[in-house]
Amino acid sequence: MDTTQWLLFILLVQVIHFLGTWKLYVKAGRKAWEAAVPVYNAIVLMQIINRPKWWVILLFIPIINLLMFPVIWVETIRSFGRTSLLETWLVILSLGFYIYYVNYALDVTHIKERSLHPRSVAGEWVSSIVFAIVAATLVHTYFIQPYVIPTGSLERTLRIGDLLFVSKFHYGARTPMTTIAAPMVHDTLPVLNIPSYINKPQLPYFRLPGFKDIKRKEIVVFSWPADTVRQFFRKEQGVEKPIDKKSNYVKRCVGLPGDSLQVIDGYVFVNGKQLELPDRAKPQFDYNIHASKGVSSKLLAEIGVNDFTRKYIVSALNQQQADALNDYAKGYNRRQDGKIEIYTAGPGIPVDVIRRNGISLKEETGRVRMAPLTDDMAAQLKSNANIDSVVRIITPKGTRGINIFPQSPDYPWSHDQFGPIYIPEEGKTVALNLNTLPFYKKILEKYEGNSIKVTGNQISLNGEVVDSYTFKQDYYWMMGDNRDHSEDSRAWGYVPANHIVGTPIFIWMSVDNFMNAKGTATNAPWKWKPRWDRIFTTVNGTGEPVSYFKYFLIALAGWFAFDFFRKRKKQKKS
């Protein structure tokens, strides 16, 4: 909806409110015209229902207002003596239109000194829960949002199973664009597995003032520009989503608006200089590990490598054994000698599963194995006497990769050899021709709302032939630290400013075994194993992360002790 449409919509809401309440305003000792003046009518209504005037602010905050409207409807009819449970449900289920019946059909009297205390324990509970949800939604939407790392694109800087607090106020909170949505859930309602929102109406993009800009090398949470999935880890037909309901991704910002960026041998160069990552960053690259006696899975696990493939050999399997292995196997292959190869993720098949099901199998370790390694991991392997060599895998220049931006045959790039590209900046103008169009086509159409037509060598924008374009917003380039296993800007391009969500500031919980053995879905919580050294650690900063978990426990114990003795002292006095 554009500005004119929104003004008309707001005007319609005001007319509906006036027609449904003006007689009630009069019965409360106010003037009928006071029900017609936008904002002022809400202030007067708060006085009529004996509620604080600051509630008016909540009525104009997107998403929060969806929670407050039913509360106001109920409070309105109760202020005129309609307190029955039936009428409470009627006003809620009729979306407030039951007030019309009270306004025109009933002879009601305004209760000026109405008691605001719930009449029952159940009512008190409901009241407390409603305002707890309002407060939590306010914090979740505009200040801090919990987030979980579901994929390994930032391993080992941020780990799969890290549960984060993401700050929205650092860069300025993006106000919701989707006006009708369930509070505190993202794009899907739990259990029901249906969308948690209605596409229309949509508010224009707006961001509250922040206290800092995005800086190069910072970890950023953003709405995934290419998102058309209804749910992660499910292959389904794509859907079109509003910006604020796209899946949230977390990557490192390696390029800012106006930068020139290139990737050479997997390393990022910005404006001609190699990007030096902060000391907490632990970038990973794929290596081939060679050992004449076989590369031991145990050795890889000991140095912290977990993203590799294991191969087991078994002579035969019955149905029960096959069913037991299905939870761990990524694939099977029957060899010419009749034996079966079973492929699993790094954790392999638990010993108790093998024993319980009477499975006789043997792990086969090849002389060459591929695994993503940090510099420290590679150095440890190189110093091990059982390892012959550790060689980084680098795609040669000129070899075209799969699904690489800008998806044009004119640019045979890969994850390791990419660019150079220009990162668009608001207000800057670029030449627009058949060579540059692949880079900016999605920006022009999807992000900035233009229509494009190509006729021969001519490009028409909104029906007009053009040879240049001026960008309407800033764009960023995001990449994962797990460089060879990250779907990032190298696949889907630029991240618009209106897709930015915030920055992670704190790991409040971290668990191993977050993903199932196949690495494709979330494990049940009771199977999680806490990583105690990562719980209550900060995301940013320098040096090794320090856990503040023990200090939190000490402070919590101190509070409980203080509260216990305070209450005990109170009881003695009484």
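Quick notes on the rules
- Residues numbered from 1 in each chain as written.
- Predicted model: local features only at pLDDT ≥ 70, side-chain atom pairs only at ≥ 80, totals over all residues.
- Heavy atoms only, no water.
- 1 Å grid on protein atoms, 1.4 Å probe; cavity = no way out; pocket = protein on both sides within 12 Å on 5 of 7 lines; lining within 4 Å.
- Points joined across faces, edges and corners; volume = space filled by probe spheres on them.
- Nonpolar A, V, L, I, M, F, W, Y, C, P; charged D, E, K, R; others polar.
- Axes fitted to C-alpha atoms, helices over the stretch in contact; angles between N-to-C directions.
- Helix = DSSP H or I, 4+ residues; strand = E, 2+ residues; numbered from the N terminus.
- Parallel < 35°, antiparallel > 145°, perpendicular 65-115°, else oblique.
- Left-handed = near helix turned anticlockwise from the far one by under 90°.
- Contact = heavy atoms within 4.5 Å.
- Core = buried A, V, L, I, M, F, W, Y, C linked by side-chain atoms within 4.5 Å.
- Buried < 20%, exposed > 50% of the residue type's maximum accessible area, 1.4 Å probe, protein only.
- Pairing = 2+ DSSP bridges.

1. Quick word on empty space enclosed by the protein
For step 1, the next point in the chain: Using the criterion set out here, one finds two cavities of 30 Å³ or more in the structure.
For step 2, the next point in the chain: The calculated volume of the largest cavity comes to roughly 300 Å³.
For step 3, the next point in the chain: A per-class count over the lining of the largest cavity returns eight nonpolar, seven polar and four charged.
For step 4, the next point in the chain: What the second largest cavity holds in volume is close to 40 Å³.
For step 5, the next point in the chain: Around the second largest cavity, the lining residues are E155, R156, Q284, G304, V305, N306, D307 and P372.
For step 6, the next point in the chain: Here the residues of the lining of the second largest cavity sort into two nonpolar, three polar and three charged.

2. Quick notes on the packing of helix α4 (residues 64-78) against helix α5 (residues 85-93)
For step 1, the next point in the chain: At a minimum axis distance of 9 Å, the contact between α4 and α5 shows a crossing angle of 135 degrees. Between α4 and α5, the crossing angle belongs to the class labelled oblique. The interaxial crossing formed by α4 with α5 has right-handed handedness. On the side of α4, the interface is formed by W73, V74, I77 and R78, while α5 contributes E87, T88, V91 and I92.

3. Re the nonpolar core
For step 1, the next point in the chain: Residues M46, I64, M68, I72, V91 and V102 are the most contacted members of the largest nonpolar core, which totals 32 residues.
For step 2, the next point in the chain: For this core, the secondary structure elements donating two or more residues are α1 (3-27), α2 (40-48), α3 (55-59), α4, α6 (98-105) and α7 (121-142).
For step 3, the next point in the chain: Counting residues per element, this core draws most heavily on α4, at eight residues.
For step 4, the next point in the chain: For I72, the residues in contact, after removing those within four places along its chain, are L45, M46, I49, W55 and L59.

4. Here we look at the pairing of strand β13 (residues 340-344)
For step 1, the next point in the chain: Of all the five residues making up β13, four are buried; the element is thus mostly covered by neighbouring parts of the structure.
For step 2, the next point in the chain: Both strand β12 (residues 329-334) and β13 contribute to a ladder of five bridges, which runs antiparallel. Within β13, the position partnered with Y332 by the bridge is I342.
For step 3, the next point in the chain: Counted along the chain from β12 to the antiparallel partner β13, the turn is five residues long, and its residue G338 has a positive phi close to 90 degrees.

5. Details of the sheet that holds strand β11 (residues 310-314)
For step 1, the next point in the chain: Taken in spatial order, the four strands of this open sheet run β12-β13-β11-β14, and their pairing is antiparallel. Strands at the two margins of the open sheet, each flanked by one partner only, are β12 and β14 (361-364). Taken pair by pair, the neighbouring strands of this sheet meet at an average axis angle of 25 degrees, ignoring direction.
For step 2, the next point in the chain: Looking at chain direction, β11 and β14 are connected through four bridges and run antiparallel. Bridging across to β14, I313 finds its partner in K362.

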